[in-house]
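# Structural overview
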Amino acid sequence: MSYQNQTIIKFNDVFYLRHKSGQYLITFDNGRYNFPQLGNQQQVKLQIISRDKTDNVKDGDTIYIRSLEADLGKNHILGAFSDSHNCYYWKDGYDDKKQGWKINKVNSDGDVIRYGDE
């Protein structure tokens, strides 16, 4: 399937993160401040950011995912632990390896990333 007509993803785009099960990343609650949950309500608006780019997201880029939840304050960058299934929010620059998400495009119809690409 060709995605040439799909919108190109740009840095600073706002999106919702949805698991293949259909559940969205939801707000922190019940004292689980550092570990967001999956669920079907109170979806969290997230933003794709870069420390040095403002144009299109391309194959091979490292992105950072910022939560737009006001209650998080400066602890708003989504990271992941490679040795578990947990994600967390922390200050930008806390751990680049854990907070940076490397984009690798599966389909090879150009180097930009479009909504609908794998």
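Please read these numbers as outputs of a predicted model, since none were measured by experiment.

## Thoughts on the overall build of the chain
Within the chain, the secondary structure is distributed over one helix and eight strands. N-terminal to C-terminal, the α/β element order of the chain is β-β-β-β-β-β-β-α-β. Buried positions account for 36% of the 118 residues belonging to the chain. Within the structure as shown, the chain displays about 7,600 Å² of accessible surface, and the carbon and sulfur contribution to it stands at 47%.

## Points about the packing of aromatic side chains
Here the structure, examined in full by the defined rule, presents four aromatic pairs. Measuring from ring centre to ring centre gives 6.2 Å for Tyr-16 and Tyr-24, while their planes differ by 85 degrees; the resulting arrangement is edge-to-face. Classification of Tyr-24 as partly exposed rests on a relative accessible area of 21%. Taking the centre distance of 4.9 Å and the plane angle of 35 degrees together, the rings of Phe-81 and Tyr-88 count as tilted. In this structure Phe-81 comes out as partly exposed when scored by relative accessible area, which is 27%. Residue classification places Tyr-88 among the buried residues on the basis of a relative accessible area of 4%. Against the face of Tyr-64 rests Arg-51, its NZ or CZ located 4.1 Å from the ring centre.

## Comments concerning the environment of Gly-60
Mapped onto the secondary structure, Gly-60 falls in the loop between β4 (46-49) and β5 (62-67). Sequence separation between Gly-60 and Asp-111 is 51 residues; the distance between their C-alpha atoms is 8.6 Å. Apart from the residues within four sequence positions on either side, Gly-60 is in contact with Lys-102 and Ile-103.

## Section: the nonpolar core
Judged by nonpolar contacts, the single largest core of 15 residues is most densely connected at Leu-46, Ile-48, Val-57, Ile-63, Ile-65 and Tyr-89. Elements with a minimum of two residues in this core: β4 and β5. Look past the residues within four positions of Ile-65 in its chain and what remains in contact with it is Phe-15, Leu-46, Gln-47, His-76, Ile-77, Leu-78 and Trp-101.

## Regarding the environment of Leu-46
Here Leu-46 is to be found in strand β4. When its relative accessible area of 0% is taken as the criterion, Leu-46 is described as buried. Each C-alpha atom, one on Leu-46 and one on Leu-68, is 5.7 Å from the other, the two residues being 22 residues apart in sequence.

Parameters at a glance
Residues numbered from 1 in each chain as written. Predicted model: local features only at pLDDT ≥ 70, side-chain atom pairs only at ≥ 80, totals over all residues. Heavy atoms only, no water. Helix = DSSP H or I, 4+ residues; strand = E, 2+ residues; numbered from the N terminus. Buried < 20%, exposed > 50% of the residue type's maximum accessible area, 1.4 Å probe, protein only. Areas by Shrake-Rupley, 256 points an atom, 1.4 Å probe, with all protein chains shown as cover. Phe/Tyr/Trp six-rings, centres within 6.5 Å; stacked < 30°, edge-to-face > 60°. Lys NZ or Arg CZ within 6 Å of the ring centre and 35° of its normal. Contact = heavy atoms within 4.5 Å. Core = buried A, V, L, I, M, F, W, Y, C linked by side-chain atoms within 4.5 Å.

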